[in-house]
Each structure stands twice: as C-alpha cells, then as structure tokens.
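# Results of the structural survey
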Amino acid sequence: MAEDYTNYAKNIATKTKEASRSLKRLTTNQKNAVLLRFEKLLLENEAEIISKNQIDLKNGKDKGLSPSMMDRLLLDSKRILGMAKSVAEIRNLPDPVGEVVRGTILPNGLELLTKRVPIGVVMTIFESRPNVIVDIASLSFKSGNACILRGGSEAYHSNLILSSLFHKAIEDSKLESVSKEVVSFVDNTNREAMLPFFQLDDLIDVIVPRGGEALIRFVLENSKIPVIKHDKGVTNLYLSDKADEKIVLPILVNSKIQRPGVCNALENLFIHKNYPNTKVLLQELKQNGVQILGDPSIQSLDPTIPLATEDDFSTEFLDTRLSIKIVGSVEEAMDNIQKYSSGHTECILSEDITEIQTFQQGLDSAAIFVNCSTRFHDGGEYGLGAEVGISTGKLHVRGPMGLIHLTTTTTYVTGKGQVRG
C-alpha cells in the first residue's frame, strides 16, 4: 500500500511540474480569459455545486461534525456568488509576473534587472472549506503557478466538482499548450497518502497547510519541502478604559459573532479594570449570543458565568464561546496576549495615542488592529482578491498570502564581456 501511495503521489506531482512550465508562456490576457470562464462556470453550475455540497453536508451531519465545521463546509447561492466575485477580483488585479523590483547598473557596467517570477508548484492541504479550491486555483493560475490541492474527506464531493470546473475553464479557453494538470486535485483523502508528497522536493516547491493544529504539526514534522504554515487563530482584543463607548459593542459582536468558525474571530477579551460599563457589556454580549467564560473578577460581576480555565484562553474555539479577563493595564493585557496568542490577530480599542503605540510596538503578530473588527484580517478585505491562507510564520510571507506572495524573483544580468578580477 505504501508503494502504491508513493507512485500515486509521484505521478500527480510529475504531471503538475510538467504542466507548470507551460504557464510561463501565457500572457496576462490569456490567464484572465480562463479566470473569466471559471467565474461564469461557477454561476452557471450553481445547482450542481449545491447538490454535490448537500452530499458532503449530509455525510458531515452523520459523522457529527461540529457546527463550525458544518458552517465552513456549506455552499449556498450567496457563497457561490461570493466565490465568483473572488475570481473576478483576482482577474482584475495586476499580474505580478514580470514586475521589476530592482534595476541598476553596477560600477563595472553590469546591468541588473530583478523581476517577479512564479514559485513553480504549490501544494495546499486544507480542511472543510471548499471555497479554498476556487481561491487557490485562481491565485495560482494568475501568478503563473501550478497547484496541487488536497482537501479533507468531509468536502470531497464539493472539492471534486469545483476543481473539475476549473479544468473545464481551461478546456473551454482552448489553450492547447496548457494541460488541466496545472490544477491537480488529490482525490485520495487518506492521511497516509499525503506522506509521499512531502518527500518530493524536486517536484513541489512549497507546501501550505491550512487547518487545525494537528494538521499543521503533521505536515511540519514530515515534510522535506519548505512549509508556509497557516496556523490556528487565537485572536485577542484589549478593551481600554479609554475606549470610545460607541464603538465597543458593535466591534466585539462583529469580531465574535459575525462568523465564529473562522481564524480571525475573537477568542479572548481583556478588559481594563476601570472600564466603566463592564457589567452592562457582559449582559449585552450574552444577549447577542456570546457564551462567556470569565475569570474570577468577571464571575464576581455575574455569578452565572462559568470559570475560564488556562486552557480556555489558549483555545481557538471556533464557536460562540469567548474567554474574558480583567486586567490592570495595557502592559498586563499585552503580557496575557503574549502568553496565549498564536500570532494571528490582536486588537486594541482605545482613544489614547500613547497606549495604542505601546500596544502596537510591544506585540509581535501578523496583524495588530486599532478600533476596528478583527474580521478584517482577510485577503479579500485587504484588497488581495483572495488568499492562499493567513500565514502566522515569519518567512516569505506573514498575514494573508495573496498573488504577489506566490512569486519569487529572478535577477537578469547583462554584460559586455566583463570578468571578475
């Protein structure tokens, strides 16, 4: 069986690598034509996409998937329209390939021109969210990369139809030099089948895992290929006693409740001890559907609130639970954030410039927000069209990984006979 998986992985990766070479010859207009066709196919095949997704939803319900997983899995008319809009946004973005990032003439007369080029072959491993197929296939294609997409078994039927629609977009665009393997779908969902891919560093250039902590760890521990990890989001917010009262509740509710099952949803709230309306705020949050877990100071204000444990403050709930603690200063809030954060998103609500600067300069995360919802930490909201994921690492890219982050550089050096002394 292990040998079968090895051959299976090598066959897919080899075809994808070969297909990637053909993308370098495509013009921006040709790539955009494929994306336009893909956008239309998503809308034209809405009923079939929903039908396939219903199979996954039924299977997920039978398996007892959590509400957050079921929410991530769902495809309806609104989300399909959103996927099509995402493709359109990517299509309308500037093509990063060929962009000159440095041009200079050295004292010896050598001309240096550094340009953006595709990375090559990008493998993405993800869980539950079938829209990832659409985003990554479109981003990869526009940036001149081939991609290998491996989704979870819970979204198999949804992933299969979405990847097949991208293949049809290529075929309909009649680009004879480009094979459908520029977007390769891994249809074997056994975890053991992933392992051989991780050894193919001669065929795959980078792996991007996005999902739960166990998946990230599994990839990191087994891959010979460079990994850009897109880890969990334990998102934190500090509510200062100097915050503008009018913005507090709307931001907290949006950050936590608008879509609880995503990585930029709020998980921990730290409230300054002198904030004047904590007791009222707790009631308002509960009225908006937030399930509060509190430290002893929070419990003293509302004894019906369960005690928040140390583990709770380190947990990405992906549901309506919110851990709340009272702190004495912005420094104490930052100490807690540094202790519990996954380095994804932090936020401060305050009108004090010095306090805001202390917060911004003292923390080290992919995004630090001031006086706005944490839900804006997103490639689409950043104007990137979509994202491969949100990287919590520090190498190559941090935060939303968009078109430009799917490129590296090549330096073209032109001389007139120079030799090095």
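Everything that follows concerns the structure shown earlier in this document.
Heads up: these notes are all about the structure in this document. Every value quoted in this text rests on a predicted model; they were computed, and no experiment measured them. (Residues numbered from 1 in each chain as written. Predicted model: local features only at pLDDT ≥ 70, side-chain atom pairs only at ≥ 80, totals over all residues. Heavy atoms only, no water.)

A few words now on the side chain of serine 184. With respect to the element layout, serine 184 can be found in strand β5 (residues 183-185). By relative accessible area, serine 184 is classed as buried at 7%. A distance of 3.0 Å separates a polar side-chain atom of serine 184 from the backbone oxygen of glutamate 181. Among residues more than four places away in sequence, those in contact with serine 184 are Ile12, Thr16, Cys147, Ile148 and Leu149. (Helix = DSSP H or I, 4+ residues; strand = E, 2+ residues; numbered from the N terminus. Buried < 20%, exposed > 50% of the residue type's maximum accessible area, 1.4 Å probe, protein only. Polar contact = N/O pair within 3.5 Å; in protein donor to acceptor, adjacent residues only side chain to side chain. Contact = heavy atoms within 4.5 Å.)

On to unusual backbone geometry, then. If you check the backbone angles, leucine 318 has positive phi at about 60° while not being a glycine. With a phi angle near 55°, asparagine 371 is a residue other than glycine that sits in the positive phi range. The residue asparagine 371 is located in the loop between β12 (367-370) and β13 (390-391) in this model. With relative accessibility at 24%, the residue asparagine 371 sits in the partly exposed group.

Quick look at the packing of aromatic side chains now. All told, the structure shown has seven aromatic pairs when counted by the stated rule. Here phenylalanine 141 and phenylalanine 166 contribute two aromatic rings whose centre-to-centre distance is 5.6 Å and whose plane-to-plane angle is 70°, an arrangement assigned as edge-to-face. Linking phenylalanine 141 in helix α6 (residues 131-142) with phenylalanine 166 in helix α7 (residues 156-172), this pair joins segments that are 25 residues apart in sequence. Overall, phenylalanine 141 belongs to the buried group, its relative accessible area being 1%. Using a relative accessible area of 0% as the deciding quantity, one classes phenylalanine 166 as buried. (Phe/Tyr/Trp six-rings, centres within 6.5 Å; stacked < 30°, edge-to-face > 60°.)

Once that is clear, we can look at the sheet that holds strand β11 (residues 345-349). Strand pairing in a sheet is mediated by backbone hydrogen bonds. Such pairs are either parallel or antiparallel. Strands sit in the order β9-β10-β8-β7-β11-β12 across an open sheet of six strands; the sheet is parallel. The open sheet has two edge strands with one neighbour each: β9 (291-294) and β12. Sheet twist, expressed as the average angle between the axes of neighbouring strands with direction ignored, equals 20°. Pairing analysis gives five bridges linking strand β8 (residues 266-272) to strand β10 (residues 321-327), with the strands arranged parallel. The partner of asparagine 268 across the bridge, within β10, is serine 323. Here helix α9 (residues 245-257) sits on the sheet and contacts β7 (235-239), β8, β10 and β11; the angle it forms with β8, its principal contact strand, is near 155°. (Pairing = 2+ DSSP bridges. Axes fitted to C-alpha atoms, helices over the stretch in contact; angles between N-to-C directions.)

Another aspect to go through is the environment of alanine 308. With respect to the element layout, alanine 308 can be found in the loop between α11 (296-301) and α12 (310-313). Alanine 308 gets classed as buried once you look at its relative accessible area, which sits at 10%. Distance in space between the C-alpha atoms of alanine 308 and glutamate 267 is 12 Å, their sequence separation being 41 residues. Apart from the residues lying within four places of it in its own chain, the contact partners of alanine 308 are Leu293, Gly294, Asp295, Phe313 and Ser323.

Another aspect to go through is the pattern of salt bridges. Any two side chains of opposite charge can pair, so long as their charged atoms come close to each other. Tallied over the full model, the rule gives 19 salt bridges. A salt bridge links aspartate 95 to lysine 31, with the shortest nitrogen-to-oxygen separation between them at 2.8 Å. One end of the pair, aspartate 95, is in the loop between α5 (77-92) and β1 (100-105); the other, lysine 31, is in helix α2 (residues 28-44), and 64 residues separate them in sequence. Of the two residues, aspartate 95 and lysine 31, both sit in the buried class. A salt bridge links arginine 116 to glutamate 99, with the nearest nitrogen and oxygen atoms 3.2 Å apart. Of this pair, arginine 116 sits in strand β2 (residues 111-118) while glutamate 99 is found in the loop between α5 and β1, placing the two residues 17 residues apart along the sequence. A relative accessible area of 38% means that glutamate 99 is categorised as partly exposed. Overlapping salt bridges, with partners in common, bring together Arg37, Glu44, Lys168 and Asp172 in one network. (Salt bridge = Lys/Arg side-chain N within 4 Å of Asp/Glu carboxyl O.)

Next up on the list: a nonpolar patch on the surface. The grouping of Val100, Leu113 and Tyr412 at the surface amounts to a nonpolar patch, some 250 Å² of accessible area in total. Examined against the element boundaries, valine 100 turns out to sit in strand β1. For valine 100, a relative accessible area of 44% corresponds to the partly exposed category. (Patch = residues over 30% accessible without salt bridge, like charges linked within 9 Å, V, L, I, M, F, W, Y side chains within 5 Å. Areas by Shrake-Rupley, 256 points an atom, 1.4 Å probe, with all protein chains shown as cover.)

For the rest of this paragraph, the subject is the pairing of strand β3 (residues 121-126). With six of six residues buried, β3 lies mostly within the body of the structure. With respect to chirality, the unit in which β3 leads through α6 into the neighbouring parallel strand β4 (residues 146-150) is right-handed. Note: β3 against strand β6 (residues 206-210), five bridges, orientation parallel. Note on β6: the bridge partner recorded for valine 122 is valine 206. (Right-handed = clockwise from strand over helix to strand, strands pointing away.)

This part takes up the packing of helix α13 (residues 330-340) against helix α14 (residues 353-362). Their axes nearest at 10 Å, the elements α13 and α14 cross at an angle of 25°. Here α13 lies roughly parallel to α14, going by the angle between them. Where α13 crosses over α14, the handedness of that crossing is right-handed. Packed against α13, whose contacting residues are Val330, Glu331, Met334, Ile337 and Gln338, the element α14 presents Glu355, Thr358, Phe359 and Gly362 at the interface. Residue composition of the contact of α13 with α14, by class: four nonpolar, three polar and two charged. (Parallel < 35°, antiparallel > 145°, perpendicular 65-115°, else oblique. Left-handed = near helix turned anticlockwise from the far one by under 90°. Nonpolar A, V, L, I, M, F, W, Y, C, P; charged D, E, K, R; others polar.)

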